[in-house]
Amino acid sequence: LLATTWMLAPLRTPQNPTAKQAPRKNMITPQHAETDPAKVHQSAIVIDTHADTPQRFVDENWNFTDPLNGGMLNYDSAKKGNLDAQFFSIWVDPDQYPGNRAAFRTLELIDGTLEQVRKHPDKLQLCVSADDILAAHRQGKFAVLMGIEGGHSIENSLALLRDYYRLGVRYMTLTWSNTNDWADSS
């Protein structure tokens with residue numbers, strides 16, 4: 001989690017208009033900020049917020065630690081690119097899984113993602129908070145997070161939304177490219 005704070009001007013108050021604020025500890029000022037993008041990238045905890053990889057876990061019985069074999073992301077490519085955390089997209093094709101089949105597919109994809117963590121506890125850690133990501137980083141593990149792409153996956157059920165949360169999902173887009181009963185898609 002890369003956070004940069006810039007001190008642009010000392011704090012002045014109406015009571016003391018000439019007072020200077022003492023610099024805060026660990027403050028990054030413009031003259032001390034790293035400007036080399038490669039160094040910034042290597043020093044940061046890098047988080048990607050979207051990968052469609054769970055479909056491969058389920059449909060191809062593929063493991064995240066296996067060679068790519070035509071995929072876009074695996075454990076080795078993530079490590080090579082200094083990617084520390086990934087939100088795996090739980091995406092259900094609304095045409096392929098209409099009506100009450102969207103939740104079934106959503107649960108399959110969540111299970112497929114959780115199975116990767118279970119199979120590779122030495123390399124992967126399920127994370128549901130920023131603190132979890134930091135802990136995984138300290139342990140040298142890849143942080144696995146989940147987000148649902150499309151509100152149709154809850155099938156109009158807040159109970160399903162709560163269940164997905166309990167399983168580790170931490171965001172859901174209101175729509176995908178389809179309209180549901182409570183949100184329109186462009």
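Residues numbered from 1 in each chain as written. Predicted model: local features only at pLDDT ≥ 70, side-chain atom pairs only at ≥ 80, totals over all residues. Heavy atoms only, no water.

1. Some details on the overall build of the chain
The helix and strand inventory of the chain stands at 6 helices and 5 strands. Listed by position from the N terminus, the elements making up the chain come as α-β-α-α-β-α-β-α-β-α-β. In the chain, buried positions account for 38% of the 186 residues. In the chain, the share of contacts with a sequence separation of at least 24, taken over all contacts with a separation of at least 6, comes to 60%. (Helix = DSSP H or I, 4+ residues; strand = E, 2+ residues; numbered from the N terminus. Buried < 20%, exposed > 50% of the residue type's maximum accessible area, 1.4 Å probe, protein only. Contact = heavy atoms within 4.5 Å.)

2. Brief notes about the pattern of salt bridges
This model, assessed by the stated rule, comprises 5 salt bridges. For the salt bridge of Asp-163 with Arg-166, the shortest nitrogen-to-oxygen distance reads 2.5 Å. Residue Asp-163 and its partner Arg-166 are both found in helix 6 (residues 158–166); the two are separated by 3 residues, about one turn of the helix. Judged by its relative accessible area of 60%, Arg-166 falls in the exposed class. Put simply, Asp-59, Arg-105 and Glu-108 are held in one network by salt bridges that share partners. (Salt bridge = Lys/Arg side-chain N within 4 Å of Asp/Glu carboxyl O.)

3. Some details on helix 5 (residues 130–138)
Among all positions in helix 5, only Ile-133, Ala-135 and Ala-136 are buried. All buried residues of helix 5 project into a common sector of 165 degrees when viewed along the axis, lining one side. Every exposed residue of helix 5 that faces more than 90 degrees away from the buried side is listed here: Asp-131 and Arg-138. If you follow the buried residues of helix 5, they end up packed against strand 1 (46–51), strand 2 (83–91), strand 3 (124–126) and strand 4 (142–149). Among the residues trailing helix 5, Gly-140 stands out with phi positive, at a value near 75 degrees. (Arc of directions from axis to C-beta.)

4. Describing the packing of aromatic side chains
Scanning the model with the defined rule gives 8 aromatic pairs in all. Ring centres of Trp-62 and Phe-64 lie 6.4 Å apart, and the angle between their planes is 90 degrees; on these two criteria the pair is classed as edge-to-face. By the burial criterion, Trp-62 is buried, and Phe-64 matches it. Relative to Tyr-171, the ring of Phe-87 lies with its centre 5.3 Å away and its plane at 55 degrees, an arrangement referred to as tilted. Of this pair, Phe-87 sits in strand 2 while Tyr-171 sits in strand 5 (residues 169–172); the two residues are 84 residues apart in sequence, bridging distant segments of the chain. What makes Phe-87 buried here is its relative accessible area of 15%. A residue is classified by how much of its surface remains accessible, and Tyr-171, at 27% relative accessible area, is partly exposed. (Phe/Tyr/Trp six-rings, centres within 6.5 Å; stacked < 30°, edge-to-face > 60°.)

5. Things to note about the environment of Gly-147
For Gly-147, the position within the fold is in strand 4. Looking at Gly-147, the relative accessible area reads 0%, which means it is buried.

6. Some remarks on the nonpolar core
Among the nonpolar cores identified, the biggest contains 15 residues, and Phe-64, Leu-73, Leu-83, Phe-88, Leu-124, Phe-142 and Val-144 are the most heavily contacted of them. Elements represented by at least two residues in this core include exactly strand 1, helix 3 (75–80), strand 2 and strand 4. In this structure, Val-144 is in contact with Gln-86, Phe-88, Thr-113, Val-117, Leu-124, Gln-125, Leu-126 and Cys-127, ignoring residues within four places of it in sequence. Counting residues in hydrophobic clusters, the runner-up holds 13 residues, among them Tyr-97, Ala-102, Met-146 and Tyr-164. (Core = buried A, V, L, I, M, F, W, Y, C linked by side-chain atoms within 4.5 Å.)

7. A few points about helix 6
Of the residues flanking the start of helix 6, the one acting as N-cap is Ser-157, its side-chain oxygen 3.3 Å from the backbone nitrogen of Ala-159. One or two positions beyond helix 6, positive phi appears at Gly-168, with a value near 115 degrees. (Polar contact = N/O pair within 3.5 Å; in protein donor to acceptor, adjacent residues only side chain to side chain.)

8. What to know about the confidence of the model for the chain
When pLDDT is averaged across the chain, the result is 86; 82% of the residues are at 70 or more. Taken together, the stretch residues 21–28 has pLDDT below 50 and engages in 13 contacts with residues farther than four places along the chain or on a different chain. (pLDDT = per-residue confidence, 0-100.)

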